[in-house]
Amino acid sequence: MSDILIVDDERDIRELISDILEDEGFATRRAANSDEAMAEVNATPPALMILDIWLKDSKMDGIDILMTVKRSNPDIPIVIISGHGNVEIAVAAIKQGAYDFIEKPFNIDKLMVVISRAMEASKLRRENQALKRRDVSSAQMLGESHAFRHMVAQLEKVTQSNARVMFTGPAGCGKEAAARYVHEHSDRAASPFVCVSAAMIEPERMEEVLFGRESPERGVEQGLLEQAHGGVVYLDEVADMPMGTQSKILRVLVEQQFTRLGGTDKVRVDLRVMSATTQDLTQRVRDGQFRQELYDRLSVVPIAVPGLEDRREDIPVLAEYFLDELHRAQGLARRELSEAARAHLQTMRWPGNIRQLRNMIERAMILGEAGRPIEIRDLQADAGPGAEIEEAQIVLSGTLTTLPLREARELFEREYLLAQIKRFGGNISRTATFVGMERSALHRKLKSLGVNTAKLSEMKS
């Protein structure tokens, strides 16, 4: 998408516009009829089209070409020109997605202004989409834990392929962020990333939302699959998709085409499909609630996204990111995390995962006292269900949690060590380094306290 395609049945007009644009530094291509125009678009989509409404000896007129191109390449700005222009034609062209309408004989300066604005609008739209993708995924793609690095290594392997990926993991763990990471690092990065949340769409509207609709009153209304053409469609909570829609999605995956509701034309799409679920899809297949064929096609590459409790080492990094992001985006007073609060976050349970952590940091920044560090008491209000520590791993005082073991009172040795091991994701070596013990000495101490080290090793991912 680096040049301008000029479509006009008059050779003199094609050459005039081409010469003007090339003098301004643009690369151009030319087409005299609809067959040549569609061949050029299908070969390499242009950055912009200049399209005549009336084309002699052509199978399609300008409006037909406009509708066809917008169906397959909605991001290409199209400027309509015509020597027979009137208000009705202009309205029809704009309604079908044209960027602007210029009458012949046209003013060169006006044409250049329209082209420059169209190109800039297209560029800004692409940049805005890229910024949105980075903003959504940046926080949740931070970390150094073993579980996180293992996941990223898997993501890297699928970025350069077109394979369908299914992400599994608990709610709020960052499955969409992982999918966006794959998209951003693939050769489809400049194309759309469209999220379809099956759980949020009413079942009776699912097909209209996905496939779009055609009607005499409202014309063509693109569905989400059409909007994702050339890029990625991300099916979130795919387990909630109605059985009837599942069969139609399966057909799209096989044929890469579909028909809009109320329409008759086949709409061809080039899509990479990624999906996500918090549920056990294999069990839903056994229960007859999910189609085996669809599951097989969606889960070519299954990737498990770890929950926050499996990557506790990353919690301080994520918390710091949210402190900066909320300060920048919402103007909240920037506050620091005390060492006690930092340790406390790493010992908590996180049923809501990264989403819960962000909400907790935001609440602490809003309700806390500006200029004062965030302490444990700022994090405990409405911490959410299941926030208590399991198996006698009590919420220790911040002072005790951050002291070396030699200064901790013997009465709390077991709870202290269990809290630190949980804080470091079951990593005995890092725990030993933090508390100031040799690894072998820590193993002996844990054994004397009746702690099953075999079970602790299972905490590591």
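Refer to the structure above for everything that follows.
An account of the accompanying structure is given in this report. Since we're looking at a predicted model, the values are computed, not measured. (Residues numbered from 1 in each chain as written. Predicted model: local features only at pLDDT ≥ 70, side-chain atom pairs only at ≥ 80, totals over all residues. Heavy atoms only, no water.)

Comments concerning the sheet that holds strand β1 (residues 4–7)
Across a sheet, paired strands are connected by hydrogen bonds in the backbone, their directions being either parallel or antiparallel. Taken in spatial order, the five strands of this open sheet run β2-β1-β3-β4-β5, and their pairing is parallel. The open sheet has two edge strands with one neighbour each: β2 (28–31) and β5 (100–103). Each neighbouring strand pair of the sheet contributes to a mean axis angle of 20°, computed without reference to strand direction. (Pairing = 2+ DSSP bridges. Helix = DSSP H or I, 4+ residues; strand = E, 2+ residues; numbered from the N terminus. Axes fitted to C-alpha atoms, helices over the stretch in contact; angles between N-to-C directions.)

Points about helix α14 (residues 339–347)
Where burial is concerned, most of α14 is hidden: eight out of the nine residues are buried. Buried within α14 are the following residues: Ala340, Ala341, Arg342, Ala343, His344, Leu345, Gln346 and Thr347. (Buried < 20%, exposed > 50% of the residue type's maximum accessible area, 1.4 Å probe, protein only.)

A look at the sheet that holds strand β7 (residues 193–197)
Reading across the sheet, the five strands line up as β7-β10-β13-β6-β14 and stay open at both edges, with parallel pairing between neighbours. In the strand order of this sheet, the two ends are held by β7 and β14 (301–304), each with one partner. For this sheet, the mean inter-axis angle between neighbouring strands, taken without regard to orientation, is 20°. Bridge count for β7 against strand β10 (residues 232–236) is five bridges, and the pairing is parallel. Of the residues in β10, the one forming a bridge with cysteine 195 is tyrosine 234.

As for the side chain of serine 18
Note on placement: serine 18 falls in helix α1 (residues 11–23). Since its relative accessible area comes to 0%, serine 18 is described here as buried. Serine 18 has contacts with Ile6, Thr28 and Arg30, leaving out every residue within four places of it along the chain. (Contact = heavy atoms within 4.5 Å.)

Let's talk about a negative patch on the surface
Together, Asp19, Glu22, Asp23 and Glu24 make up a negatively charged patch on the protein surface. Note on placement: aspartate 23 falls in helix α1. (Patch = residues over 30% accessible without salt bridge, like charges linked within 9 Å, V, L, I, M, F, W, Y side chains within 5 Å. Areas by Shrake-Rupley, 256 points an atom, 1.4 Å probe, with all protein chains shown as cover. Salt bridge = Lys/Arg side-chain N within 4 Å of Asp/Glu carboxyl O. Lys, Arg positive; Asp, Glu negative; His and termini not counted. Charge placed at Lys NZ, Arg CZ, Asp CG, Glu CD.)

Focus: the pairing of strand β6 (residues 165–168)
One ladder, built from four bridges, connects β6 with strand β13 (residues 272–277); its direction is parallel. Its bridge partner lying in β13, methionine 166 is registered against serine 275. Both β6 and β14 contribute to a ladder of four bridges, which runs parallel. Paired with threonine 168 across the bridge in β14 is alanine 304.

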